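A structural walkthrough
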Amino acid sequence: MSTVSSTRTVDAVIGALEEAYPLSWAESWDRVGLVLGERGAEVRRVLLAVDPTVCVAREAVERDAQLLVTHHPLLLRGASFLPADEGKGAVVTTLLRHGTALWCGHTNVDRSTRGTVGAWISALDLQDAAPLVPGSRRLRRRTIPIASDWARWARSPWPPPSVGWPPRSRIWSRPPPGDPAHRSR
């Protein structure tokens, strides 16, 4: 949870986010930006999370956050039903009832060296990192040699998916069987 030192609006905070992570960097299928909320509303507290789940929405309300910023989008496809008591409808209802705005960044943040890519570059201590295809807007997979401790960690057994997936002890996931990047171990 972050407390903003001076009074700001939702528009001012998301303006700073979108300057660092331009919406134009997002993949065409992605849904990033302001999902709900009033641009002119005051922001004193911001809650950051990975996914906009019901639990996260409730936590934003409990912590009196006026803005929830998540990495993953709430809706990638259109929704026909948003019941207030379950799933994504409960997220929307909870946030709207309490005047909490929601901004999602995803592939636009992944693409930035200030975002996910920069964190991986630092965590893996990569030197002279560069895009696989300069100027390309497509995300690509690449295998890189990594230190033996990292390799052992990456090959360790994975728990089955559950409601709490991904497990908090992991920061990446293996591709599913059948995916071209999947390798049997």
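Just above, that's the structure.
Quantities reported herein were computed from a predicted structural model and do not represent experimental measurements.

**Notes on the nonpolar core**
For soluble globular proteins, the rule of thumb is that nonpolar side chains tend to be buried together. Formed by 15 residues in total, the largest nonpolar core has its most connected members in Leu-47, Leu-68, Val-91, Leu-95 and Leu-102. Contributing elements (two or more residues each) for this core: helix H2 (54-62), helix H3 (87-97) and strand S5 (101-104). Core analysis: the next-biggest nonpolar cluster, separate from the first, contains 13 residues, Val-13, Leu-17, Ala-20 and Leu-67 among them.

**Things to note about the environment of Arg-39**
For Arg-39, the position within the fold is in the loop between strand S2 (33-36) and strand S3 (42-49). Arg-39 gets classed as partly exposed once you look at its relative accessible area, which sits at 45%. For the pair Arg-39 and Val-10, spaced 29 residues apart in the sequence, the C-alpha separation amounts to 4.9 Å. Beyond its immediate chain neighbours, meaning those up to four positions away, Arg-39 contacts Thr-9, Val-10, Asp-11, Ile-14 and Leu-34.

**Section: H3**
What H3 keeps buried is the set Gly-89, Ala-90, Val-91, Val-92, Thr-93, Thr-94 and Leu-95. Residues of H3 that are buried sit in contact with S2, H2, strand S4 (67-70) and S5.

**Digging into the pattern of salt bridges**
Scanning the model with the defined rule gives five salt bridges in all. The salt bridge partner of Asp-11 is Arg-39, with a shortest N-O separation of 3.3 Å. Within this pair, whereas Asp-11 is found in helix H1 (residues 10-20), its partner Arg-39 is found in the loop between S2 and S3, the two being separated by 28 residues in sequence. For the salt bridge of Glu-42 with Arg-44, the shortest nitrogen-to-oxygen distance reads 2.8 Å. Judged by relative accessible area, which is 36%, Arg-44 ranks as partly exposed.

**Overview of the pairing of S4**
Going residue by residue along S4, you find Leu-67 and Val-69 tucked away on one face and Leu-68 and Thr-70 tucked away on the opposite face as well. Where S3 lies against S4, four bridges are found, and the strand directions are parallel. By the bridge assignment for S4, Leu-48 is matched with Val-69. Once the chain exits S3 it traverses H2 before rejoining the sheet at S4, and the crossover so formed is right-handed. Sheet analysis places S4 next to S5, joined by four bridges and oriented parallel. Residue pairing for S5: Leu-67 is matched across the bridge by Ala-101. The parallel pair S4 and S5 is bridged by H3, and the resulting crossover is right-handed.

**Examining the environment of Val-43**
Along the chain, the position of Val-43 falls in strand S3. With relative accessibility at 0%, the residue Val-43 sits in the buried group. The spacing of Val-43 and Ala-101 is 58 residues in sequence and 9.2 Å in space, taken between C-alpha atoms.

**Focus: unusual backbone geometry**
In this structure, Asp-64 is a non-glycine residue whose phi angle is positive, near 55°. Relative to the assigned elements, Asp-64 resides in the loop between H2 and S4. For Asp-64, a relative accessible area of 41% corresponds to the partly exposed category. In this structure, Asp-125 takes a positive phi of about 50° despite not being glycine. Within the secondary structure, Asp-125 sits in the loop between helix H5 (116-123) and helix H6 (148-155).

Quick notes on the rules
- Along each chain, residue indices are assigned from 1 in the same order as the chain's sequence is written.
- Selection of residues for local features in this predicted model requires a pLDDT of at least 70, selection of side-chain atom pairs for listing and counting requires 80 or more, and totals for whole chains, interfaces and linings are taken over all residues.
- The basis for every side-chain value is the complete set of non-hydrogen atoms in the structure, without hydrogens or water.
- Remark: nonpolar core denotes a set of buried residues (Ala, Val, Leu, Ile, Met, Phe, Trp, Tyr, Cys) joined through side-chain atoms within 4.5 Å.
- Burial here depends on accessible area, computed with a 1.4 Å probe over protein chains only, as a share of the maximum for the residue type. Under 20% is buried, over 50% is exposed, and the range in between is partly exposed.
- Only DSSP runs of H or I covering at least 4 residues are called helices, and only runs of E covering at least 2 are called strands; the numbering of each starts at the N terminus.
- Contacts were defined at the residue level, with two residues in contact if any of their heavy atoms lie within 4.5 Å.
- Only one rule defines a salt bridge in this text: a Lys or Arg side-chain nitrogen within 4 Å of an Asp or Glu carboxyl oxygen.
- In this description, strands pair whenever DSSP reports at least two bridges between them.
- Think of it like this: strands point away, you trace from the first strand over the helix to the second, and a clockwise trace means the crossover is right-handed.

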